[in-house]
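# Secondary and tertiary structure notes
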Amino acid sequence: MFLSNLHRHFLLLILIVPIFQACSGIPANSNSNTPIASEIKSEFPFSTKEPETYQGDFVVTIGTTEEHFFRARKGDSSRIDLFEGSDISSTQIVTDKIYNIDPARKIYTEESIASGALNSVPVFDATNGFFAGKEYTAFEETGHDGSITRYRVKNTDTSKGEILVSVDKASGLMVRQEFIASMVEGSEPAPNLIFEIRNLKLDVDEDIFRLPAGLRKVGKSEFRTPTPKADK
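Remember, it's a predicted structure, so these values are computed and weren't measured experimentally.

Reading the values: the criteria
- Residues numbered from 1 in each chain as written.
- Predicted model: local features only at pLDDT ≥ 70, side-chain atom pairs only at ≥ 80, totals over all residues.
- Heavy atoms only, no water.
- pLDDT = per-residue confidence, 0-100.
- Contact = heavy atoms within 4.5 Å.
- Helix = DSSP H or I, 4+ residues; strand = E, 2+ residues; numbered from the N terminus.
- Buried < 20%, exposed > 50% of the residue type's maximum accessible area, 1.4 Å probe, protein only.
- Salt bridge = Lys/Arg side-chain N within 4 Å of Asp/Glu carboxyl O.

Quick look at the confidence of the model for the protein chain now. Residues with a pLDDT of 70 or more make up 64% of the protein chain, whose mean pLDDT is 75. Considering only residues more than four positions removed or in separate chains, one finds that residues 1–7, a stretch of pLDDT under 50, has 17 contacts. Taken as a whole, residues 9–42 scores under 50 in pLDDT and shows 74 contacts with residues more than four places along the chain or in a different chain.

Encoded structure:
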């Protein structure tokens, strides 16, 4: 169950972003409505690495549809909570071992890992890619809201759509990316995509990486989602 949920979430996170970048072309007359750049930065105005210690809720919004997962990291320890609605559907904790948890059934599995296995966990690629913003080249500062500074990404490929990013100056991290879909005459407007981290904290309690009480250890075969029986 956990792996299937991981694939569903991370295919969304990893694949949808470059698709929006490639497909949301800016209309030819859009430049006339673009404000004059107050500041263009060719260097990244934020850290391009996933923090060694942090926690937060990663949220992807496409139109009116929202998906999210919780991520915590402290050195080589990691935790991921996947959600169905407001409920945690599955949890993975990586410490001395990899623990996959089914909170509804109160069961878990464990497996041994090699040193540095955090980098092999699928969520690492998704979250690290979020912070890196590797497709971006230069930035136009567009405004401030408290500790948040907003930028418009300046792409070398002008056929790509508009991308807005928000940077938390207190932490030095990018906390929001918004991909603006352009209007194409004669077709339905594509939904905008927002990828952000909410409730960001740079201090993580060690207890978050402990197994919850009341769980029963099972084998992988029992951990799998039971196949519903056909009605007789």
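Right, let's get into unusual backbone geometry. For Lys106, which is not glycine, the phi dihedral falls at a positive 55 degrees. Residue position: Lys106 is located in the loop between strand S6 (97–102) and strand S7 (107–112). Positive phi, normally seen in glycine, also occurs at Asn199, with a value near 55 degrees. Here Asn199 is to be found in strand S12 (residues 193–201). Take Asn199: its relative accessible area is 55%, and that puts it in the exposed class.

Once that is clear, we can look at the environment of Lys49. Summarising the element assignment, Lys49 is placed in the loop between strand S1 (40–41) and strand S2 (53–62). A residue is classified by how much of its surface remains accessible, and Lys49, at 62% relative accessible area, is exposed. Between the alpha carbons of Lys49 and Leu173 there is a distance of 8.7 Å; along the sequence they are 124 residues apart.

Take the pattern of salt bridges next. Enumeration according to the criterion identifies 16 salt bridges in this entry. Ionic pairing is found between Arg73 and Glu50, a salt bridge with its closest N-O pair at 3.1 Å. Here Arg73, found in strand S3 (residues 65–74), pairs with Glu50, found in the loop between S1 and S2; they are 23 residues apart in sequence, far enough to count as distant. A single burial state applies to Arg73 and to Glu50, both of which are buried.

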